[in-house]
Amino acid sequence: MSDITGVDFVALQVKDHAKAATFYGDTLGLPFVKTWGKMPASEYQAGNLTLAVMQSDAFGLQFAPSSAMVALAVDDV
């Protein structure tokens, strides 16, 4: 039996954390949850899913666009 109880967060790699934070926090209006210490990464709450926005190069990763898609639900468009 698994001890997994759910998804903690989904990490999204970005090239520019400041611009991404403005987009997810200000443009989309997602509630800010926390930063990852002094690293250029932060978390935003999208309903019951936490989106972590992290600047790839600060974590020693080469930025690579993801093929994963996140679809955010809205009441009306």
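Just above sits the structure.
Values in this document were obtained by computation on a predicted structure and should not be read as measured data.

Enquirer: How do you make sense of the overall build of the chain when you look at a structure like this?
Expert: Looking only at helices and strands, the chain features one helix and four strands. For the chain, the N- to C-terminal ordering of α and β elements is β-α-β-β-β. Excluding contacts between residues fewer than 6 apart, the proportion of contacts in the chain whose partners are at least 24 apart in sequence is 42%. As presented, the chain carries roughly 5900 Å² of accessible surface, and 56% of it is formed by carbon and sulfur atoms. Separation between the mean location of the 4 positive side-chain charges and that of the 8 negative ones in the chain comes to 13 Å.

Enquirer: Quick question: what am I supposed to make of helix α1 (residues 17-27) here?
Expert: Structurally, the α-helix is built with 3.6 residues per turn, so residues lying three or four positions apart point the same way. Of the positions making up α1, those classed as buried are H17, A20, A21, Y24 and G25. For α1, the angular spread of the buried residues around the axis is 110°, confining them to a single face. Of the exposed residues in α1, those oriented more than 90 degrees away from the buried face are A18, K19, D26 and T27. Next to the buried residues of α1 lie β1 (10-14), β3 (41-46) and β4 (49-55). The N-capping residue of α1, defined by a side-chain oxygen 3.1 Å from the backbone nitrogen of A18, is D16. Directly beyond the C-terminal end of α1, a positive phi value near 75° is found at G29.

Enquirer: Sorry if this is basic, but what is going on with the environment of V70 here?
Expert: Among the secondary structure elements, V70 is positioned in the segment after β4. Spatially, the C-alpha atoms of V70 and A18 are 20 Å apart, while their sequence positions differ by 52 residues.

Rules and cut-offs
- Counting from 1, residues in each chain are numbered in the order their sequence is written.
- Two thresholds apply to this predicted model, a pLDDT of at least 70 for residue-level local features and 80 or more for giving and counting side-chain atom pairs, whereas whole-chain, interface and lining totals are computed over all residues.
- For the side-chain quantities, the full set of heavy atoms in the structure was used; hydrogens and water were omitted.
- Helix and strand definitions here come from DSSP, where helices need a minimum of 4 consecutive H or I residues and strands a minimum of 2 consecutive E residues; each element is numbered from the N-terminal end.
- Only heavy atoms matter for contacts: two residues are in contact if any of them lie within 4.5 Å across the pair.
- Only the protein chains shown count as covering a residue, and every accessible area follows the Shrake-Rupley method with a 1.4 Å probe.
- In this charge count, Lys and Arg are treated as positive and Asp and Glu as negative; neither His nor the chain ends contribute.
- Charge positions are represented by NZ for Lys, CZ for Arg, CG for Asp and CD for Glu.
- Only protein chains enter the area calculation, which uses a 1.4 Å probe; residues under 20% of their type maximum are buried, those over 50% are exposed, and those in between are partly exposed.
- Directions pointing from the helix axis toward each C-beta atom define the arc.
- Each polar contact in these results corresponds to two N or O atoms within 3.5 Å; when the atoms are within protein, one needs to be able to donate a hydrogen and the other to accept it, and residues that are neighboring in sequence are counted only if both atoms are side-chain atoms.

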